[in-house]
Amino acid sequence: LTPPRFIINTKTDRSWKAIRYLTRGPVDMTDVTIDSCKIYANELVDHFKEYCYLFDIAAEIFLWRGRFPLDSIVIFVAVTLAVEFPIYLPSIFLYAIAYALLK
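Residue positions within a chain follow its written sequence, with the count starting from 1. Given that the model is predicted, a residue must reach a pLDDT of at least 70 before its local features are reported, and side-chain atom pairs must reach 80 or more before they are shown or counted; all residues, however, enter totals for whole chains, interfaces and linings. Water and hydrogen atoms play no part in the side-chain values, which are based on all heavy atoms of the structure.

### Quick notes on the pattern of salt bridges
When a carboxyl oxygen of Asp or Glu is within 4 Å of a side-chain nitrogen of Lys or Arg, the pair counts as a salt bridge. One pass over the structure, following the stated rule, counts one salt bridge. Its salt-bridge partner being D13, residue K17 comes within 3.6 Å of it at the nearest N-O pair. You can see K17 and its partner D13 sitting in helix α1 (residues 13-24), four residues apart, about one turn around the helix. The classification of residues rests on relative accessible area computed with a 1.4 Å probe and restricted to protein chains. Under 20% of the type maximum is buried, over 50% is exposed, and intermediate values are partly exposed. Judged by relative accessible area, K17 falls into the exposed class, the value being 52%. Numbered from the N terminus, helices here are DSSP runs of H or I no shorter than four residues, and strands are runs of E no shorter than two.

Following this line, the structure appears as structure tokens:
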């Protein structure tokens, strides 16, 4: 989605450049230049850092006791499947019996 275009009328060229600078910033992102590519690359790096933080948080949640909580994940997946697809309830129930007997 592209943002809507706004037409701004000014009396002088200097005021038009000032308004354009205020609305678009120091770099015109519609043109392909080295500066605009650097801005996009820095934005991608920032997003990558956020994903690394999320991965770190997820790993600490899963390994908070020093072991992988397989039972909790199995129960979560089973309940999610049962809620989203009720037709799988018999197979989830039979799998739960087999899983309990193996434990």
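### So, a nonpolar patch on the surface
To count toward a patch, a residue needs a relative accessible area above 30% and no salt bridge. Like charges then connect within 9 Å, nonpolar side chains (Val, Leu, Ile, Met, Phe, Trp, Tyr) within 5 Å. The Shrake-Rupley method, run with a 1.4 Å probe sphere, supplies the accessible areas, and residue values consider only the shown protein chains as cover. Nonpolar side chains collect at one region of the surface, where F76, V77, L81, F85, I87 and Y88 lie side by side and expose about 630 Å² of accessible area between them. Residue position: F85 is located in the loop between α3 (70-84) and α4 (89-102).

### Some remarks on the confidence of the model for the chain
Reading predicted coordinates in detail is not appropriate for stretches of low pLDDT. A score between 0 and 100, pLDDT records how confident the predictor is in each residue. Per-residue pLDDT for the chain averages 84, and the proportion of residues at 70 or more is 96%. Per-element confidence in the chain ranges from a low mean pLDDT of 83 for α1 to a high of 92 for α4.

### What to know about the packing of aromatic side chains
Only Phe, Tyr and Trp rings take part, Trp by its six-membered ring, and two of them pair if their centres are within 6.5 Å. Stacked means planes under 30 degrees apart, edge-to-face means over 60, and tilted covers everything else. With the rule as written, the count across this model stands at two aromatic pairs. On the basis of an interplanar angle of 55° and a centroid distance of 5.7 Å, the ring pair of F85 and Y88 is categorised as tilted. With centroids separated by 6.0 Å and ring planes inclined at 25°, the aromatic side chains of Y95 and Y99 adopt a geometry described as stacked. Linking Y95 with Y99, this pair stays in helix α4, spanning four residues, or about one helical turn. Take Y95: its relative accessible area is 47%, and that puts it in the partly exposed class.

### Let's talk about the packing of α3 against α4
It is at 10 Å that the axes of α3 and α4 come closest, and there the two elements cross at 165°. In terms of orientation, α3 and α4 fall into the roughly antiparallel class. Taken as a pair, α3 and α4 cross one another with a handedness that is left-handed. Across from L70, D71, V74, A78, L81 and A82 in α3, the residues of α4 making contact are L89, I92, Y95 and Y99. The axes are straight lines fitted to the C-alpha atoms, using for helices just the contacting stretch, and the angles between their N-to-C directions are given from 0 to 180°. Working definition: roughly parallel below 35 degrees, roughly antiparallel above 145 degrees, roughly perpendicular at 65 to 115 degrees, and oblique for all remaining angles. By convention the crossing between two helices is left-handed if the near helix lies anticlockwise of the far one by an angle smaller than a right angle, and right-handed if it lies clockwise. Contact criterion: two residues are considered in contact whenever any of their non-hydrogen atoms come within 4.5 Å of each other.

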